[in-house]
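A look at the structure
Chain by chain, the residues:
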Amino acid sequence: MESGSRASRACVQEAWGCLVRAVLGPVFITMLGLQPACTKLVKDIELVREPLTFSLDAPLHTTEGTLPPGEYYCQYANEGGYFFEAPATLNGDYLFAGGTSGGVYVSRGKPRSVRLFVQDKHPSTAYSPNLGMYTFGGSGFFRLTDELPADVAGNIAIEGD
Amino acid sequence: MRRYALTLMLAALGLALAACATKPQQLDQSFWQEQSSKKVAIVIAKLPDKGALYKEGGQGLLDMAISSVATQGVSRHLATLSADTFLEIRGELAERLRADGFEVVQHEPFVDLDQLPKTSGDGLFERDLASVANATGADRIILFRLYQFGASRAYYGFIPISAPQGLAAVYGAMVDARTNKLMWHTGDSLKDAFIKEPVVGEWKEPPDYPNLTAAATRALEKSRRVMIAKFFSK
């Protein structure tokens, strides 16, 4: 009798686990995937009329890795500023850093402020004991992160701005 | 316990795959002293026949089948796109190399790498480019390969978790025509090879998907720009 009730309890637990994984899991993960997009990703972007460029002369260290020197190219802007993409992915300064696409975000108007941005380029896969494997990210949009030294953008002349 | 074992196995697999990835090779700066003595050929590997929608994230067979049905319209449209604008990289790079004093040959026919003999050995390009060397008389062969283009979209199972983005996956290498030895290459790390461009505006506008098409075109343009920037980076 007791073993029957234990078996039915185990069955209910198993069914609950299945429900979480099969139904709530995808919903939760979809929300998780969208959550950074809602809070941090800059999705409201527009194309600039003419691509803009500026040159970074020396590597610039950031928390996401090192921005490489070279020509930074801007095709996208939002109402706050311009996204200048680095010529290559960020170099890693420590384990698991680097390999990220991103660049320098330069605010409109003067004095200019500059921030690092990274691209939400690849979906990430993670594992949770309750949900199993799940995937999030990979929208291609930009996420603004650290403030950078203002002199990075000191000499950027943006026509019509 | 089984779950922890799975986590550990996945971590080990990830590390093993990371260790297998070929790292990019910087161009030796002595190349820039060779302009008076060496002839450079620029060649393009056979382009993908058509654009496609590449799905990323964990998918089972059933998920793939369901998501394929759900994305038929956009896949059909992407299949009509051509990657021909990628060919402009030949002229763009040739112009810059000529400005630096190099003699440059733009090899017109595509190189079908699958038809060339395989090579083995440390530091060698994966295929024997002797036929290209003979046809061009070049000392150095710069090869670009666009192996994917169109759009990519992230999935959890059959559920899309993001809008699609423009995609171009590209690889560049320079080979010593005499020895087939790699002198420069961009590596096969996914992070470096995959150029992705966000869609500006609404992507889901059938039948022509103009904003998604524009993102795919920008990805192709950017792949050319990135390859050239990497070649000239010091």
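Our structure's up above, just so we're on the same page.
Residues numbered from 1 in each chain as written. Chains lettered and ligands numbered in written order. Predicted model: local features only at pLDDT ≥ 70, side-chain atom pairs only at ≥ 80, totals over all residues.

1. What to know about the environment of Gly102 of chain A
Residue and element names in this part refer to chain A. When you line up the elements, Gly102 lands in strand 7 (residues 102–107). Between the C-alpha atom of Gly102 and that of Gly65, which follows or precedes it by 37 residues, the distance is 10 Å. Not counting residues up to four positions away in its chain, the partners in contact with Gly102 are Glu64, Ala86, Leu90, Leu116, Phe117, Val118 and Gln119. (Helix = DSSP H or I, 4+ residues; strand = E, 2+ residues; numbered from the N terminus. Contact = placed C-beta atoms within 7 Å.)

2. Points about the nonpolar core
Taken as a class, soluble globular proteins show a tendency for nonpolar side chains to be buried jointly. Residue and element names in this part refer to chain B. The biggest cluster of nonpolar side chains holds 49 residues, and the ones touching the most others in it are Ile141, Ala168, Val175 and Ala216. Only strand 1 (39–44), helix 3 (72–78), helix 4 (88–99), strand 4 (140–156), strand 6 (165–176), strand 8 (194–197) and helix 7 (210–232) provide two or more residues apiece to this core. Excluding residues that lie within four positions of it along the chain, Ala168 makes contacts with Leu146, Phe149, Ile195, Ala219, Leu220 and Ser223. (Core = buried A, V, L, I, M, F, W, Y, C linked by C-beta atoms within 7 Å. Buried ≥ 20, exposed ≤ 12 C-beta atoms within 10 Å, placed from the backbone.)

3. Concerning the packing of helix 4 of chain B against helix 7 of chain B
All names here are of chain B. The contact between helix 4 and helix 7 brings their axes to 10 Å, and the two run at 30°. The angle between the axes of helix 4 and helix 7 places the two elements in the roughly parallel class. Viewed along their axes, helix 4 and helix 7 form a crossing whose handedness is right-handed. Contacts between helix 4 and helix 7 involve Glu88, Ile89, Glu92, Leu93 and Arg96 from the former and Arg224, Met227, Ile228 and Phe231 from the latter. Class assignment of the residues belonging to the contact of helix 4 with helix 7 gives a composition of five nonpolar, no polar and four charged. (Axes fitted to C-alpha atoms, helices over the stretch in contact; angles between N-to-C directions. Parallel < 35°, antiparallel > 145°, perpendicular 65-115°, else oblique. Left-handed = near helix turned anticlockwise from the far one by under 90°. Nonpolar A, V, L, I, M, F, W, Y, C, P; charged D, E, K, R; others polar.)

4. What about the interface of chain B and chain A?
In this assembly, 28 residues from chain B lie in contact with 29 residues from chain A. Only helix 1 (2–20), strand 4, helix 6 (190–193), strand 8 and helix 7 of chain B provide two or more residues apiece to the side of chain B that touches chain A. In terms of residue count, the dominant contributor to the side of chain B that touches chain A is helix 7 of chain B (five residues). When its residues are assigned to classes, the side of chain B that touches chain A shows 11 nonpolar, eight polar and nine charged.

5. Structural notes on the sheet that holds strand 5 (residues 70–77) of chain A
Residue and element names in this part refer to chain A. Reading across the sheet, the seven strands line up as 1-11-8-7-6-5-2 and stay open at both edges, with antiparallel pairing between neighbours. With one partner strand each, in any of the chains shown, strand 1 (41–42) and strand 2 (46–56) form the two edges of the open sheet. Judged from the five bridges that link them, strand 8 (residues 114–119) and strand 11 (residues 142–148) form a sheet pairing that is antiparallel. By the bridge assignment for strand 11, Phe117 is matched with Leu144. (Pairing = 2+ DSSP bridges.)

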